[in-house]
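Inside the fold
What follows is the residue order along each chain.
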Amino acid sequence: MFSVITVSDSCAAGKATDTSGPHLVEMIKQAFKTDTVNYLLIADDEQLIKQSLIYACDVLKVRAVFTTGGTGFAPRDVTPEATRAIITKEAPQLTLAMTLCSLEKTKFAVLSRAVCGVRNKTLVVNFPGSKKAVGECFQSIVDVLPHVLNLLNEGEIERVRETHRKVQAEGDASTPQEVYHVCPHATGKGGDDDRNSPFPMIGVDNALKQILATIPSVQTTRKQLSRVNIPPFRASIKDGYALKSIGGKGMKKVIGYVSAGDPIVQTNFTIDECFKINTGAPVPLHADAVIQVEDTKLVSRENDYEKIVEILTEPTASLDIRSIGSDLRMSEEVFQYQFPLDACQRALLAAIGEKVSVAKLKVAIISTGDELLHPYDVNATADGSTSEGKIYDSNTTMLVALVRQCGFTEDQCEIQQRVVRDDFESLKKEIESLTGVVHIIICTGGVSMGDKDFVKPVLKELNYELVFGRVNMKPGKPCTYASSKVTKFFGLPGNPVSAFVTFHLFALPALRHYLAAVNETAPSMAKSSLPMIRVELLDTKYVLDPRPEYARASITSRNGKLLASITGGQISSRLKSTIEADVLLELPARTENKPYITAGTQLKAFVLRSNFISRYE
């Protein structure tokens, strides 16, 4: 829970409208993915401000209180004095960060007297009064706020340690472009005298084209023809009465009942007679119309059977009757195969009495790493932690599930999964045993520039053609693709988010193409890649990377407009960023003229799942 307090005499008196407070509420909701933000509007009264802050901290026990207004030099600007009186610790560096950011916009930022600090376990932050300044100051500290709140909450100490580990290993994750980014276009020998990768950087679109160019292609379309008529008999569209239309309306004697599954009634009958009939039942041979129950009146009944009904509307020939083959005629084309087979194709095959017959795609999924444990390994300790230096392998679990989730069911795709040690001979033995046996190998890890990244040397040793070894994208730069006559090899990065993104952009289209090829039919080019939509950025500000970035984002539909909100930290090891992801948001590369994007920016988004709208507003 969070709290926003606007301090303003004019707004509290109704002489002006508060725009800063509501704006701050919305930014907090987006940044912390919460709907629980208390909002209070009060006058510039020091005692009232103190009481309001203490109530939020000590009674409501909110995680943070953000005030806006009353931080200047006017006689009634007393928010800093009230704040300083109730906090137990000051946080001057948060104030400094906001001041430095504001000074980039205006020299008058030096006139702000904002105070930041802590009362017990609640963070208290003063913001200036203008809407623009509130937005700028909030963005200047928003990246560190989750860590501050974790530090204040003893139950989140593991998150604190995780953040410390990441910062120590990679630098400040809030500004990754400037701290640990390496020029993506530098290409060298990869040796001691030039340690840049020898593989040139290629674009995402170019990478996909090169992949698909190596997949066997079949130009013909495989058509499925029907061997039956649907329906195979004249069938009733309604529950009602089958009769002869020349008899017109009026009284009719019910001489029989016809249900779905009954044989066709061959008996002739007069124009004053009819058969009661159910939806889908075969129409009697000598009947040419069905009158629905709603257009009749029951006149008499004998025991449980209707005897006389009155037809209230004038019948016409063929009324409410499905003719033979009206849905599908014998030898008519049912569909052209698209792979993997979906529910509609399977339903139509069932409707014409055909079994599913698919040549299986064979796939192997490999994780490399000496540090990897099976998620349920007995070497884990009783409290769920792993042996020192070990981590649980999530990549194989994720990739197998993604392959199945994308429609590659067991009757269409056979999957092997393995974990391999980080040494040349083990990896070579594994890949060699699969080469020529499986159609596609998806391997994670071992593709970068580390001492134990053996994937590329092994592929060269096994005479694979190394199509590319780096892609100009974030995450997923070390992504590698190699081809042999039968087996195609995807070397995805070991970081789980990088593997998640590169699977969807590269491996998934290849799987769809290859499955079509082994079934001797042309692939559907339009449906190989993820569907693309246009969305509008909801986040207030997002700093761009020098590489094009594929950020995980959730989608909100607001009055028919699709809005994308980036799912928190986008570091490539943070698998949690995929949980709420509806789309991969394609962000442009950073330029000198465009270092960041703001709310309202129109962007491409690649849809990850059918139910891709998380919220409707």
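For clarity, every value in this text was computed on a predicted model and none was experimentally measured. Counting restarts for each chain, with residues numbered from 1 along the sequence as it is written. For a predicted model such as this one, the threshold for reporting local features is a pLDDT of at least 70, and the threshold for listing and counting side-chain atom pairs is 80 or more; totals across whole chains, interfaces and linings nevertheless cover every residue. Processing note: side-chain calculations cover all non-hydrogen atoms of the structure and skip hydrogens and water entirely.

1. Concerning the overall build of the chain
Applied cut-off: Strands are runs of DSSP state E lasting at least two residues, helices are runs of H or I lasting at least four, and both sets are numbered from the N terminus onward. Exposure is judged per residue with a 1.4 Å probe applied to protein chains only, and the accessible area is read against the type maximum: over 50% gives exposed, under 20% gives buried, and values in between give partly exposed. Here the accessible surface of atoms and residues is derived via Shrake-Rupley with a 1.4 Å probe, and residues count as covered only by protein chains that are part of the display.
Of regular secondary structure, the chain possesses 15 helices and 32 strands. Classification of the 617 residues of the chain by burial places 47% in the buried group. Here the chain has roughly 30,200 Å² of accessible surface; of this, 52% comes from carbon and sulfur atoms.

2. Re the nonpolar core
Side chains of a nonpolar character, in soluble globular proteins, are inclined to be buried together. Filter applied, for reference: Residues belong to a common nonpolar core when they are buried Ala, Val, Leu, Ile, Met, Phe, Trp, Tyr or Cys residues joined through side-chain atoms within 4.5 Å.
If you look at the biggest cluster of nonpolar residues, it comprises 59 residues, and the most contacted ones within it are Phe-408, Ile-442, Phe-468, Phe-490, Phe-503, Phe-506 and Leu-511. Residues Leu-24, Met-27, Leu-94 and Phe-138 belong to the second largest nonpolar core, which totals 27 residues.

3. Section: the sheet that holds strand E6 (residues 122–127)
The following threshold applies: Any two strands with at least two DSSP-identified bridges between them are counted as paired.
In space, the six strands of this open sheet follow the order E2-E1-E3-E6-E5-E4, with mixed pairing throughout. What marks the edges here is a single partner per strand, and that holds for strand E2 (37–42) and strand E4 (89–90). Sheet topology note: the strand E3 (residues 64–68)/E6 ladder contains five bridges and is parallel. Considered in E6, the bridge of Thr-68 is made with Phe-127.

4. So, the packing of aromatic side chains
Note the following rule: When the centres of two rings from Phe, Tyr and Trp lie within 6.5 Å, Trp using its six-membered ring, the rings pair. Their planes under 30 degrees apart give stacked, over 60 give edge-to-face, and anything left gives tilted.
Scanning the entire structure with this criterion turns up 14 aromatic pairs. Arranged with centres 5.0 Å apart and planes meeting at 80°, the rings of Phe-335 and Tyr-337 form a pair that is edge-to-face. In this structure Tyr-337 comes out as buried when scored by relative accessible area, which is 7%. With centroids separated by 6.3 Å and ring planes inclined at 85°, the aromatic side chains of Phe-424 and Phe-454 adopt a geometry described as edge-to-face. Of this pair, Phe-424 sits in helix H13 (residues 424–434) while Phe-454 sits in the loop between strand E21 (440–444) and helix H14 (455–461), placing them 30 residues apart in sequence. Of the residues examined, Phe-424 reaches a relative accessible area of 23% and is grouped as partly exposed.

5. Brief notes about the pattern of salt bridges
Pairing of side chains with opposite charge becomes possible as their charged atoms draw close. Here is the rule we go by: Think of a salt bridge as a Lys or Arg side-chain nitrogen and an Asp or Glu carboxyl oxygen that are within 4 Å of each other.
Throughout the structure, instances matching the rule amount to 23 salt bridges. Glu-354 is the partner of Arg-227 in a salt bridge, and the nearest nitrogen-oxygen pair spans 3.8 Å. With a gap of 127 residues between them, Arg-227 in the loop between strand E7 (223–225) and strand E8 (235–236) and Glu-354 in the loop between helix H11 (343–351) and strand E17 (361–368) connect regions that are remote in the sequence. Of the residues examined, Glu-354 reaches a relative accessible area of 31% and is grouped as partly exposed. Between Arg-322 and Asp-327 there is a salt bridge; the shortest N-O distance is 2.5 Å. Overall, Arg-322 belongs to the partly exposed group, its relative accessible area being 26%.

6. Focus: the packing of helix H5 (residues 92–103) against helix H6 (residues 131–141)
Test applied: An axis is simply a line fitted to the C-alpha atoms; with a helix, the fit covers only the stretch in contact. Between two such axes, the angle follows the N-to-C directions and lies from 0 to 180 degrees. To sort the angles, those under 35 degrees are grouped as roughly parallel, those over 145 as roughly antiparallel, those from 65 to 115 as roughly perpendicular, and the leftovers as oblique. In this scheme the crossing of two helices becomes right-handed for a clockwise turn of the near helix relative to the far one and left-handed for an anticlockwise turn of less than a right angle. Any two residues having at least one pair of non-hydrogen atoms within 4.5 Å are treated as being in contact. Charged residues are taken to be Asp, Glu, Lys and Arg, nonpolar residues to be Ala, Val, Leu, Ile, Met, Phe, Trp, Tyr, Cys and Pro, and polar residues to be all remaining types, Gly included.
Where H5 contacts H6, the two axes come as close as 9 Å, and the packing angle between them is 125°. Relative to H6, H5 is oriented oblique. Relative to H6, the crossing made by H5 is right-handed. Within the contact between the two elements, H5 uses Leu-94, Ala-97, Met-98, Cys-101 and Ser-102 and H6 uses Glu-136, Cys-137, Ser-140 and Ile-141. Its residues assigned to classes, the contact of H5 with H6 comprises six nonpolar, two polar and one charged.

7. Some words on the packing of helix H12 (residues 395–405) against helix H15 (residues 496–518)
Between H12 and H15, the least distance of the axes is 11 Å, while the angle of their chain directions is 35°. Our pair here, H12 against H15, has a crossing hand that is right-handed. Contact residues: Asn-395, Met-398, Leu-399, Leu-402 and Val-403 in H12; Pro-496, Ala-499, Phe-500, Phe-503, His-504 and Leu-511 in H15. Across the contact of H12 with H15, the residue classes tally to nine nonpolar, two polar and no charged.

8. Considering the environment of Asp-453
Summarising the element assignment, Asp-453 is placed in the loop between E21 and H14. Overall, Asp-453 belongs to the partly exposed group, its relative accessible area being 22%. The residues contacting Asp-453, other than those within four sequence positions of it, are Gly-446, Val-447 and Ser-448.

9. Points about H15
Rule in force here: Throughout, the bend at a residue refers to the angle made by two axes, fitted to the seven residues ending there and to the seven starting there.
The largest bend in H15 amounts to roughly 50° and is located at Phe-503. Burial analysis of H15 places 22 of its 23 residues in the buried class, the great majority of the element. Phi for Glu-520, located one or two positions after H15, is positive at around 55°.

10. Considerations on the confidence of the model for the chain
Threshold: Every residue gets a pLDDT, meaning the predictor's confidence in that residue, from 0 to 100.
Of the residues in the chain, 89% reach a pLDDT of 70 or more, and the chain-wide mean stands at 88. In this model residues 163–184 is a low-confidence stretch, pLDDT under 50, and it forms 32 contacts with partners more than four residues away in sequence or in other chains.

11. Looking at helix H7 (residues 145–152)
Across the eight residues of H7, six count as buried, placing the element largely inside the fold. Among the residues of H7, those classed as buried are Leu-145, His-147, Val-148, Leu-149, Asn-150 and Leu-152.

12. Details of the sheet that holds strand E24 (residues 488–492)
Neighbouring strands of a sheet are bound in pairs by backbone hydrogen bonds; such pairs are parallel or else antiparallel. Spatially, six strands are ordered E20-E17-E21-E24-E23-E22 in an open sheet, and the strand pairing comes out mixed. Two strands in the sheet have a free side with no partner beyond their single neighbour: strand E20 (413–420) and strand E22 (465–468). The sheet shows a mean angle of 20° between the axes of neighbouring strands, direction not considered. Across the face of the sheet, helix H10 (residues 204–214) comes into contact with E22, strand E23 (480–483) and E24 while running at roughly 150° to E22. Sheet strands touched by H12: E17, E20, E21 and E24. Its angle to E20, the strand with the most contacts, is close to 170°.

13. Some details on the pairing of E6
In terms of burial, E6 is largely enclosed, as six of its six residues are buried. What you see with E6 is no split at all: Thr-122, Val-124 and Asn-126 on one side and Leu-123, Val-125 and Phe-127 on the other are buried throughout. Examined bridge by bridge, strand E5 (residues 116–119) and E6 share four bridges and lie antiparallel to one another. Looking at E6, one finds that Val-118 is bridged to Leu-123. With antiparallel pairing between neighbouring strands as the criterion, E5 and E6 make up a hairpin whose turn holds two residues, including Asn-120 at a positive phi of roughly 55°.

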